[in-house]
Amino acid sequence: MAMPVILAYHLSPERLGRIRALCAVEKLRLRPVAPSEYGRSVGALAGLLPLSDAAAPVGKISEEMLVLCGLDEAALNRFLQAFRRLGVPPVALKAVLTPTNAAWNALTLYQELRREREAMGRL
């Protein structure tokens, strides 16, 4: 992957615009993911795995979600700091692409992030 990419799920056009501007400054690519692509693995959408024509999973994503792909620690920190500095409202569901979640489709990742958030809320 030549340029790190941010996969964006279920974001409004206005939010996409603000995050796209932030990505341009940070030299990151923003890739909005259409609902018709939700069956594809996040690794494939990031350009790391072969792109397949997987069927869309049953269910829907009703919250914003970002997947940060190919960012080293410094780039990740700069991105998150710029998010706050520019006053972009936070996206509650965020993940970093890992070898484990690279094979997951959007709905699987979404459900896992929601479970994690609920578990953290119980602490």
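Note: the structure precedes this text.
Residues numbered from 1 in each chain as written. Predicted model: local features only at pLDDT ≥ 70, side-chain atom pairs only at ≥ 80, totals over all residues. Heavy atoms only, no water.

Novice: Could you give an account of the pattern of salt bridges, naming the residues involved and the relevant values?
Specialist: Applying the stated criterion to the full structure yields eight salt bridges. The partner of Glu64 in a salt bridge is Arg15, and the shortest N-O contact between them spans 2.9 Å. Residue Glu64 is found in the loop between α2 (42-45) and β3 (65-69), and its partner Arg15 is found in helix α1 (residues 13-26); the two are separated by 49 residues along the sequence. Glu64 sits in the partly exposed class, given a relative accessible area of 22%. (Salt bridge = Lys/Arg side-chain N within 4 Å of Asp/Glu carboxyl O. Helix = DSSP H or I, 4+ residues; strand = E, 2+ residues; numbered from the N terminus. Buried < 20%, exposed > 50% of the residue type's maximum accessible area, 1.4 Å probe, protein only.)

Novice: Let's hear about the sheet that holds strand β1 (residues 5-9): which residues, and what values?
Specialist: One key point about sheets: their strands pair by backbone hydrogen bonds, in either a parallel or an antiparallel sense. Within the open sheet, the four strands sit side by side as β2-β1-β3-β4. Their pairing is mixed. Both outer strands of the open sheet, β2 (29-33) and β4 (93-96), are each paired with one neighbouring strand and no more. The sheet shows a mean angle of 20° between the axes of neighbouring strands, direction not considered. Two strands pair when backbone bridges link them, and β1 and β3 are joined in this way by five bridges, in the antiparallel orientation. Along β3, the bridge assignment pairs Leu7 with Val67. Contacts from α1 reach β1 and β2, with the element oriented near 155° to β2. (Pairing = 2+ DSSP bridges. Axes fitted to C-alpha atoms, helices over the stretch in contact; angles between N-to-C directions. Contact = heavy atoms within 4.5 Å.)

Novice: I'd love a proper account of the pairing of β3, names of residues and values included.
Specialist: Remember that side chains alternate between the two faces of the sheet whenever the strand is regular. In terms of burial, β3 is a largely internal element, five of the five residues being buried. In this sheet, β4 lies alongside β3 in parallel orientation, the contact comprising four bridges. Note on β4: the bridge partner recorded for Met65 is Leu93.

Novice: Go over α1 with me, naming the residues and quoting the values.
Specialist: For α1, which comprises 14 residues, the first-to-last C-alpha distance of 20 Å matches the rise-based estimate of 20 Å (1.5 Å per residue) to within 8%. Every buried residue of α1 is listed here: Arg15, Leu16, Ile19, Leu22, Cys23 and Glu26. Each buried residue of α1 sits inside an arc of 130° when the element is viewed along its axis, so together they form one side. Every exposed residue of α1 that faces more than 90 degrees away from the buried side is listed here: Pro13, Glu14, Ala24 and Val25. Buried residues along α1 sit in contact with β1, β2 and α3 (73-85). (Expected span 1.5 Å × (residues − 1). Arc of directions from axis to C-beta.)

Novice: Can you explain the side chain of Glu63? Please cite residues and give values.
Specialist: The residue Glu63 is located in the loop between α2 and β3 in this model. Judged by relative accessible area, Glu63 falls into the buried class, the value being 19%. Side-chain polar atoms of Glu63 contact the side chain of Tyr110, separated by 3.4 Å. In this structure the side chain of Glu63 is engaged in a polar contact, spanning 3.4 Å, whose partner is the side chain of Arg114. Those residues in contact with Glu63 that sit more than four places away from it in its chain are Tyr9, His10, Leu93, Tyr110, Arg114 and Arg117. (Polar contact = N/O pair within 3.5 Å; in protein donor to acceptor, adjacent residues only side chain to side chain.)

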